[in-house]
Amino acid sequence: MSAPLPILELAGGPRAIGLGHGREASDRIKNNLSLYTRRYRDEVGLEQAEVHRRAAMWLERVSELDPPYAAALRGVAAGSGLSVLDIAALNARYELFYSEFSSTGLATACTAFAILPACAGGGLLVGENWDWFPEVEGVWLRVRWGDLTVLAFTEAGIVGGKIGFNSAGIGLAVTGLLSHLDRWDGEGIPFHVRAWRVLLSSDLDAAAAVVEAGRSPCSASFLVGDATRGRASAFERAPTGTAQIEPDNGILVHANHFLRAEQLGVREPLAEDRRSTHLRQRRLADRLTQAAGAGQVSVESVQDALRDHVGRPDSVCRHESPLFPPALNYRTVLSVVMDLRARRLQYAAGPPCAGAYHEIAL
C-alpha cells in the first residue's frame, strides 16, 4: 500500500495560506524544484536562466490577472526559503512544458471521468488517473478561503490545487491538451490559476464562466462536477475559446485529445501518444458504461476500472515506457475517486494497481 500524502491545513489571507504551504512542505518543494530544473533542461532544453526569464514574465502577468494567487505564490517562496522566481517556475510549469510539447508532439497521459447520480446509486463520482513525473512530490491542501473550504491535490510548491472539490460540492479533474496555437507567453489566464479559480466556484455555471473567461496561453480540459445539481461537464479550453461536452448516458470521460477540435479551430500535434489517448478514452468509457449497465457502479468498481492495463504501459493505469529514458519517464502518480455528494475522496499515490486507496473527508 502506498504511503499517504501529507494534508496541509491552511487558512487566512492568500499570503498566510502560501506561507503555511511553504513552511509545511519545504522539503517537498525543494525536491520538486530540483526535479523540474533537471527536466526543464533535459526534456525541453531550457536552462535555468531561461526558465527564470520566462517565470518572471509569467509572474508579472499573474500579478495583474490574479493578485491573490500571486500573493499566495510569494508566501510559498517566503515560507520555503526559496526565491520567488523558483516558485514561479514551478507554478508556470504547465505553460513551460506544454508549449514545448505542442512543437514536439509529445504529451502526458491523464484520464478523467464523471459518473452522474443515476448511474452511481445517487452519488456523483468525479476523478482521474493523473500521469506525470514519477518523482514529483504531491500534497493535499485543506484550505479555508472565504466562505468555502477546498480539499485539493497539488504538487508541492504550486499554489491552490488542480484535482479536488469544495464545500459547495464543486469538483474538478483535469487533463492536458495540445494545440498548434499553444504558447508559453500567450495572452490569458495560466492553467494552474484557472484550475484554482474553478475550485473556488460556487456552482457549475460559475465554474463554466471561470473556464470561459479571458484568453488562454495553452490548451487544457477541465472536467467539473456539481453535487447540488447532480451535473457534470467537460470544458475543452483552447487559445481560441471553449467547448462544453456533456455526459453520454450518465458517463463522461476525457483523455488527452480534443473531442471538439473542429469546433475550436485547432490542430493537435500529437505524436506517439495519439494511440494511447484514444485507447484510454475508449477503455475507461467502456469499463464505466459496462459497470453502469450491470448496476454495479461503486467507488470500488471505478477504482478497478482505473487499474486497467490494456495497452500497457500507455494504459489507463500508466507505467514507465521503454520509449523514454529512465530519467525522463512518466507514470500514474495519483489516482482519485471523489464522491462529491458525500464530500469525500479516495486516492492512491502512484499506479492504482500497486495498492489500496486512502480516504479523506472534507
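Thresholds applied
Residues numbered from 1 in each chain as written. Predicted model: local features only at pLDDT ≥ 70, side-chain atom pairs only at ≥ 80, totals over all residues. Heavy atoms only, no water. Helix = DSSP H or I, 4+ residues; strand = E, 2+ residues; numbered from the N terminus. Expected span 1.5 Å × (residues − 1). Pairing = 2+ DSSP bridges. Axes fitted to C-alpha atoms, helices over the stretch in contact; angles between N-to-C directions. Salt bridge = Lys/Arg side-chain N within 4 Å of Asp/Glu carboxyl O. Core = buried A, V, L, I, M, F, W, Y, C linked by side-chain atoms within 4.5 Å. Buried < 20%, exposed > 50% of the residue type's maximum accessible area, 1.4 Å probe, protein only. Contact = heavy atoms within 4.5 Å. Phe/Tyr/Trp six-rings, centres within 6.5 Å; stacked < 30°, edge-to-face > 60°. Lys NZ or Arg CZ within 6 Å of the ring centre and 35° of its normal. Polar contact = N/O pair within 3.5 Å; in protein donor to acceptor, adjacent residues only side chain to side chain.

- If you check an unreviewed UniProt entry, the chain appears there as Peptidase C45, acyl-coenzyme A:6-aminopenicillanic acid acyl-transferase from Bipolaricaulis sibiricus.

1. Quick word on helix α2 (residues 26-44)
- Between its first and last C-alpha, α2 extends 26 Å over 19 residues, near the 27 Å set by a 1.5 Å rise per residue.
- G45 sits one or two residues past α2 and shows a positive phi near 75°.

2. Side note on the sheet that holds strand β1 (residues 7-11)
- Reading across from one edge, β1-β4-β5-β6-β7-β8-β9-β10 is the order of the eight strands in this open sheet, with mixed pairing throughout. Of all the strands in the sheet, just β1 and β10 (241-245) have a single pairing partner and so form its edges. The average angle at which neighbouring strand axes cross in this sheet is 20°, direction not considered.
- Where β1 and strand β4 (residues 138-145) come together, five bridges link them in parallel fashion.

3. Regarding the pattern of salt bridges
- In this structure the tally under the stated criterion is 21 salt bridges.
- D42 is the salt-bridge partner of R41, the closest N and O atoms lying 2.8 Å from each other.
- The shortest N-O distance in the salt bridge between R344 and E359 comes to 3.4 Å. Here R344, found in strand β13 (residues 344-349), pairs with E359, found in strand β14 (residues 358-361); they are 15 residues apart in sequence, far enough to count as distant.

4. Examining the nonpolar core
- Counting residues in hydrophobic clusters, the biggest one holds 96 residues, and the most contacted among them are W132 and W140.
- C119, A120, V253 and L284 belong to the second-largest nonpolar core, a separate cluster that totals 19 residues.

5. Some points on the environment of A227
- Along the chain, A227 falls in the loop between β8 (220-226) and β9 (231-238).
- Through-space distance from the C-alpha of A227 to that of A238 is 26 Å; in sequence the pair is eleven residues apart.
- Residues contacting A227, with those up to four places away along its chain left out, are L124, G169, L340, R341 and R343.

6. Some words on the packing of aromatic side chains
- Under the criterion given, the structure shown has 19 aromatic pairs.
- By way of ring pairs, the aromatic residues Y36, Y40, Y94, F97, Y98, W132, F133, F191, F222, F324 and Y330 are connected into one cluster.
- The cationic tip of R39 hangs over the ring face of Y330; the distance from NZ or CZ to the ring centre is 5.1 Å.
- The residue whose ring lies beneath R93 is W132, and the NZ or CZ to ring-centre distance is 4.1 Å.

7. Let's talk about the sheet that holds β13
- Overall, antiparallel pairing links the six strands, which are arranged β11-β2-β3-β12-β13-β14 in an open sheet. The open sheet has two free edges, formed respectively by β11 (251-254) and β14, since each of these has just one partner strand. Ignoring strand direction, the axes of neighbouring strands in this sheet form an average angle of 15°.
- As paired strands, strand β12 (residues 331-339) and β13 are joined by six bridges and run antiparallel to one another.

8. Focus on the side chain of T175
- Among the structural elements, T175 can be located in strand β7 (residues 170-176).
- In this structure T175 comes out as buried when scored by relative accessible area, which is 3%.
- Among the polar contacts made by the side chain of T175, one reaches the main-chain carbonyl oxygen of A255 at a distance of 3.0 Å.
- Once you skip the residues sitting within four places of it in the chain, T175 turns out to touch Y94, C110, T111, A112, A220, S221, H254, A255 and N256.

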